[in-house]
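Close look at the chain arrangement
One-letter residues, chain by chain:
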Amino acid sequence: MHGLHLIAELHDCRCDRRLLVDAQALQELCLAVCSTPGLTPVGWLFHQFGSAVQPAGATGAVILAESHLAVHTWPEAAAVTLDLYVCNFSQDNSCAARIAGQRLIAAFAPVRVQRRDLERGVAGLAGALPTAGGSDWPGG
């Protein structure tokens, strides 16, 4: 389960407005940025909020052979959240994930970015995680 999880909040995006309000445009971008560095989309679902006359953002997920990408837009705030996780089981996909993440961020042209890169399943942390029957998560 070793992998890389990239999480970003993009603020004051100065991109083509269609990327913030059009689920089809968002889908095309996400599939392109995943495929180019060598990640493998195996399925996807995107949802348009609002209506064709009054679009109100979009959300989408791309299921990757390597794991997933999720994107959510808030056009009223010119904001986007990204969540890209790749596992590194049979090969290290970290470089491809970083390229895809950088391309997504560049496409949205944010003024401000808050980003976290998390290594997951790192050797030596197994004992630090809760075991069955216990959870540190709220409601767990």
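Notes on the structure in this doc start here. These figures come from a predicted structure and were not determined experimentally.

With respect to the helices and strands, the residue Thr 73 is situated in strand β4 (residues 67–74). Polar contacts involving the side chain of Thr 73 include one to the main-chain carbonyl oxygen of Leu 20, which spans 2.7 Å. Polar contacts involving the side chain of Thr 73 include one to the main-chain amide nitrogen of Ala 58, which spans 2.8 Å. Once residues lying within four places of it in the same chain are set aside, the contact partners of Thr 73 are Leu 19, Leu 20, Leu 26, Gly 57, Ala 58, Ala 79 and Val 80.

For an α-helix, the turn length of 3.6 residues means that residues three or four places apart are oriented alike. Over its 15 residues, helix α3 (residues 94–108) runs 21 Å from end to end, which matches the ideal 21 Å to within 8%, given 1.5 Å per residue. Among the residues of α3, those classed as buried are Ser 94, Ala 96, Ala 97, Ala 100, Gly 101, Leu 104, Ile 105 and Phe 108. Projected down its long axis, α3 carries its buried residues within an arc of 165 degrees, all on one side. Relative to its buried face, α3 has exposed residues pointing more than 90 degrees away, namely Cys 95 and Ala 106. Tucked inside the fold, the buried residues of α3 contact β1 (3–11), α1 (18–21), α2 (23–35), β4, β5 (79–87) and β6 (112–120). The positive-phi residue at the C-terminal boundary of α3 is Ala 109, with phi of around 50 degrees.

Helices that pack against each other are described as a pair by the angle of their axes relative to one another and the distance between those axes. α3 packs onto α2 with a crossing angle of 145 degrees between their chain directions and a minimal axis gap of 9 Å. When you trace α2 past α3, the crossing you get is right-handed. Here α2 contributes Leu 26, Leu 29, Cys 30 and Val 33 to the contact with α3, which in turn contributes Ala 100, Arg 103, Leu 104, Ala 107 and Phe 108. Residue composition of the contact of α2 with α3, by class: eight nonpolar, no polar and one charged.

Now for the packing of aromatic side chains. One pass over the structure, following the stated rule, counts zero aromatic pairs. The cationic tip of Arg 120 hangs over the ring face of Tyr 85; the distance from NZ or CZ to the ring centre is 4.6 Å.

Moving on: the pattern of salt bridges. Side chains that differ in sign of charge can pair as their charged atoms come close. A complete count under the given rule lists four salt bridges for this structure. The salt bridge involving Arg 18 is made with Asp 16; its shortest N-O contact spans 3.8 Å. Relative accessible area serves as the criterion here: at 46%, Arg 18 is assigned to the partly exposed category.

Located in the positive-phi region is Asp 12, a residue other than glycine, with phi close to 55 degrees. Inspection of the secondary structure assignment puts Asp 12 in the loop between β1 and α1. The exposure class assigned to Asp 12 is partly exposed, which follows from its relative accessible area of 42%. A positive phi angle is found at Ala 109, which is not glycine, with a value near 50 degrees. Mapping Ala 109 onto the fold places it in the loop between α3 and β6.

Parameters and conventions
- Residues numbered from 1 in each chain as written.
- Predicted model: local features only at pLDDT ≥ 70, side-chain atom pairs only at ≥ 80, totals over all residues.
- Heavy atoms only, no water.
- Helix = DSSP H or I, 4+ residues; strand = E, 2+ residues; numbered from the N terminus.
- Polar contact = N/O pair within 3.5 Å; in protein donor to acceptor, adjacent residues only side chain to side chain.
- Contact = heavy atoms within 4.5 Å.
- Expected span 1.5 Å × (residues − 1).
- Buried < 20%, exposed > 50% of the residue type's maximum accessible area, 1.4 Å probe, protein only.
- Arc of directions from axis to C-beta.
- Axes fitted to C-alpha atoms, helices over the stretch in contact; angles between N-to-C directions.
- Left-handed = near helix turned anticlockwise from the far one by under 90°.
- Nonpolar A, V, L, I, M, F, W, Y, C, P; charged D, E, K, R; others polar.
- Phe/Tyr/Trp six-rings, centres within 6.5 Å; stacked < 30°, edge-to-face > 60°.
- Lys NZ or Arg CZ within 6 Å of the ring centre and 35° of its normal.
- Salt bridge = Lys/Arg side-chain N within 4 Å of Asp/Glu carboxyl O.

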